[in-house]
There are 2 protein chains.
Amino acid sequence: MAENKERHESEPTAALRESSLRVTKQRVAVLAAVCDHQHADTETVIRAVRENLPEVSHQAVYDSLHTLTEVGLVRCIQPSGSVARYERRIGDNHHHLVCRSCNLIVDVDCTVGQAPCLTPSHDAGFVIEQAEVTFWGLCPDCAASAAPSVSPEPASAV
Amino acid sequence: MAENKERHESEPTAALRESSLRVTKQRVAVLAAVCDHQHADTETVIRAVRENLPEVSHQAVYDSLHTLTEVGLVRCIQPSGSVARYERRIGDNHHHLVCRSCNLIVDVDCTVGQAPCLTPSHDAGFVIEQAEVTFWGLCPDCAASAAPSVSPEPASAV
DNA sequence: ATCGTTTCCTTGACTCATTCAAGAAAAGGC
DNA sequence: GCCTTTTCTTGAATGAGTCAAGGAAACGAT
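Nothing here was measured: the structure is a model prediction, and the numbers come from that model.

Caption draft 1: Representation of the layout of surface pockets within the structure. All names here are of chain B. Empty space within the largest pocket amounts to approximately 690 Å³. Of all the elements in the fold, those that place two or more residues in the lining of the largest pocket are strand S2 (75-77), strand S4 (94-99) and strand S6 (127-138). In terms of residue count, the dominant contributor to the lining of the largest pocket is S6 (4 residues). A breakdown of the residues in the lining of the largest pocket according to their chemical character gives 11 nonpolar, 12 polar and 7 charged.

The structure is reproduced here in structure tokens:
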């Protein structure tokens, strides 16, 4: 049982150690909460963390999320009009579909092997670190309820 | 001279009429301000508008920007960590370079003719309306002052 | 195991972009 | 020019996120 508990904590804990961060129960809980809640906003993370650690301050969560983002253990995304959202899936090249109606966010893989549009035609001398792609549209549910009679012709993505 | 003044006002005014919006001096001034200031935030627009119309309320500017965005006369962009910014260039498929250091924003055209990455490999059933691409990196000035000795090997864009 | 230093967390106040609401003013069709 | 509708002004409110000071915990060294 103790072994089981240890094993349960080991992943976030190990990740923190690997990033040379002090292992605190607040950080472990925040990292676990981000794992458990896809694209959670800070409010959601705070609620999730407080299920196990009722006394965490919102500031601890903000600090932890910032620190985890800095060392690259989580990624922060912020589609226009949205508050900051966090995800554990990192290091791969994935992008996001955002529903204009219900704000659902879904991961999408980048088309494998080719990304011509992600090397801008003229980079204005910038040193580019990252290309971030957000697809805006309607999720299946919202699309169905918004225009059930319209033929589902695929909208031009660009 | 009167003709000149009319001609000066005619473009924003005509645009408003074409969009079936009431032509108010506040809206005309807001639209002109967005034309004159690339990627201006609301604060900048307010200051610019007040050069000609010292008494405009900030609310009028907020309302105008929302209305103009709704009808598609301006576009609102909001890179992570930034307040809302507006631009007049619309209808084409251009994206943005954002400097992580000084927050400079520069337009980039999409590579012409091809956009494979902008049709996600798996669209999760979404009806996609728009793909928004943001390139994060360092502008020439910040790159030069940040790491003058590092060889300028091109960072992977993805 | 305990100590001491460094880092982190709690508490509570604060900032600031944006929004809300009510009444006054202007736009545009008649 | 009048009337209705829309928009603007004024002033207060909201809420995500930040700042700052002191107490608590982490962890390397003793």
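Caption draft 2: Quick look at the protein's contact with DNA strand C. The local shell around DNA strand C holds 20 residues, among which Thr24, Arg27 and Ser57 of chain A together with Gln59 and His66 of chain B are the closest. The sugar-phosphate portion of DNA strand C accounts for 66% of its atoms within 4 Å of the protein, the bases making up the rest. Within the side chain of Gln26 of chain A, a nitrogen or oxygen atom sits 2.9 Å from a sugar or linking oxygen of DNA strand C. Taking Ser57 of chain A, its side chain carries an N or O atom lying 2.6 Å from a phosphate oxygen of DNA strand C. Every element with two or more residues in the surface near DNA strand C is listed here: helix H2 (25-36) and helix H4 (58-71) of chain A together with helix H4 (58-71) of chain B.

Caption draft 3: Structural context of the protein's contact with DNA strand D. Around DNA strand D, the structure places 20 residues, and the nearest of them are Gln59 and His66 of chain A together with Thr24, Arg27 and Ser57 of chain B. Backbone sugar and phosphate groups make up 66% of those atoms of DNA strand D lying within 4 Å of the protein. Arg22 of chain A is positioned such that a nitrogen or oxygen atom in its side chain is 3.1 Å from a base nitrogen of DNA strand D. Here a phosphate oxygen of DNA strand D sits 3.5 Å away from a polar atom, N or O, in the side chain of Thr42 of chain A.

Caption draft 4: Up close: the packing of helix H2 (residues 25-36) of chain B against H4 of chain B. Residues and elements named next belong to chain B. Running from N to C, H2 and H4 point in directions that differ by 70°, and their axes come no closer than 9 Å. By the angle class used here, H2 and H4 are roughly perpendicular. Between H2 and H4, the contacting residues are Gln26, Arg27, Val30, Leu31 and Val34 on the first element and Ala60, Val61, Ser64, Leu65, Thr67 and Leu68 on the second. Looking at the contact of H2 with H4 residue by residue, the class counts come to 7 nonpolar, 3 polar and 1 charged.

Scoring rules and cut-offs
Residues numbered from 1 in each chain as written. Chains lettered and ligands numbered in written order. Predicted model: local features only at pLDDT ≥ 70, side-chain atom pairs only at ≥ 80, totals over all residues. Heavy atoms only, no water. 1 Å grid on protein atoms, 1.4 Å probe; cavity = no way out; pocket = protein on both sides within 12 Å on 5 of 7 lines; lining within 4 Å. Points joined across faces, edges and corners; volume = space filled by probe spheres on them. Helix = DSSP H or I, 4+ residues; strand = E, 2+ residues; numbered from the N terminus. Nonpolar A, V, L, I, M, F, W, Y, C, P; charged D, E, K, R; others polar. Near = heavy atom within 4 Å. Polar contact = N/O pair within 3.5 Å; in protein donor to acceptor, adjacent residues only side chain to side chain. Axes fitted to C-alpha atoms, helices over the stretch in contact; angles between N-to-C directions. Parallel < 35°, antiparallel > 145°, perpendicular 65-115°, else oblique. Contact = heavy atoms within 4.5 Å.

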